[in-house]
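# Topology and contacts: notes
Okay, here's what each chain looks like letter by letter:
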Amino acid sequence: MKQADFVSLVMPFKDKVFRLAKRLLVSREEAEDATQEILLKLWKNKEKIEDYKNVEAFSMTMTKNFCLDRLKSKQAQNLKIVHSNYTDNNASLQKQVEAKDSLNWVSRIMEDLPEQQKIIVQLRDIEQYDFAEIAKMLDMNETAVRVNLSRARKTIREKLTNTHRHGIK
């Protein structure tokens, strides 16, 4: 496999790898490092890459495993989830403040979710993967993915509702 072939194969999902890494790791820098490591591993095994049915799913699985290994290592002690790609230019200042506050609360709530539920929410709701792809990436059956996603969404919804009803946690 030549460099041009590799680049054309990897470029379409490179940003998805980065977003998953960013969801699981501390910062933009950590996510960039993780993305670079995944791409380097793919490049080193470029001769075997054609054996995989779905290179994107394989790379997402590699990313998940790499990030979880980083989280378990001693290098990563102060980790948090951050997701703030929501902007609405037409919203009033009050709406913008409320939306940002809600996103911050969702991020805080997601920090308390089990790792598997965090990953499933990221893959389904942010990356828009279907249940079959997520099940394959996480080595689970589709029903288990749906159940975990439902539980995660329910937890987020309940805690966010309680926060909005009762003020501070």
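My aim in this report is to walk through the structure given alongside it, one point at a time. In this text the structure is predicted, and so the values were computed from the model without any measurement. (Residues numbered from 1 in each chain as written. Predicted model: local features only at pLDDT ≥ 70, side-chain atom pairs only at ≥ 80, totals over all residues. Heavy atoms only, no water.)

## Section: a negative patch on the surface
- Together, Asp-5, Glu-47, Glu-50 and Asp-51 line one region of the surface with negative charge.
- With respect to the secondary-structure elements, Glu-47 resides in the loop between helix H2 (28-44) and helix H3 (55-72). (Patch = residues over 30% accessible without salt bridge, like charges linked within 9 Å, V, L, I, M, F, W, Y side chains within 5 Å. Areas by Shrake-Rupley, 256 points an atom, 1.4 Å probe, with all protein chains shown as cover. Salt bridge = Lys/Arg side-chain N within 4 Å of Asp/Glu carboxyl O. Lys, Arg positive; Asp, Glu negative; His and termini not counted. Charge placed at Lys NZ, Arg CZ, Asp CG, Glu CD. Helix = DSSP H or I, 4+ residues; strand = E, 2+ residues; numbered from the N terminus.)

## Thoughts on helix H5 (residues 115-126)
- Here H5 is 12 residues long and its end C-alpha atoms lie 16 Å apart, about the 16 Å a rise of 1.5 Å per residue gives.
- Taken as a whole, H5 has its buried residues at Gln-117, Lys-118, Ile-119, Ile-120, Val-121, Gln-122 and Leu-123. (Expected span 1.5 Å × (residues − 1). Buried < 20%, exposed > 50% of the residue type's maximum accessible area, 1.4 Å probe, protein only.)

## Comments concerning the packing of helix H1 (residues 3-24) against H3
- Running from amino to carboxyl end, H1 crosses H3 at an angle of 25°, the nearest separation of the two axes being 9 Å. Compared by their axis directions, H1 and H3 come out roughly parallel. When the axes of H1 and H3 are compared, the crossing they make is right-handed. Judged by residue contacts, Leu-9, Phe-13, Lys-16, Val-17, Leu-20, Ala-21 and Leu-24 of H1 engage Val-55, Glu-56, Ser-59, Met-60, Thr-63, Lys-64, Cys-67 and Leu-71 from H3. (Axes fitted to C-alpha atoms, helices over the stretch in contact; angles between N-to-C directions. Parallel < 35°, antiparallel > 145°, perpendicular 65-115°, else oblique. Left-handed = near helix turned anticlockwise from the far one by under 90°. Contact = heavy atoms within 4.5 Å.)

## So, the environment of Val-121
- Along the chain, the position of Val-121 falls in helix H5.
- With relative accessibility at 5%, the residue Val-121 sits in the buried group.
- Considering only alpha carbons, one finds Val-121 and Leu-149, 28 residues apart in sequence, at a separation of 6.1 Å.
- Setting aside residues up to four positions removed in sequence, Val-121 forms contacts with Met-110, Ile-126, Leu-149 and Ala-152.

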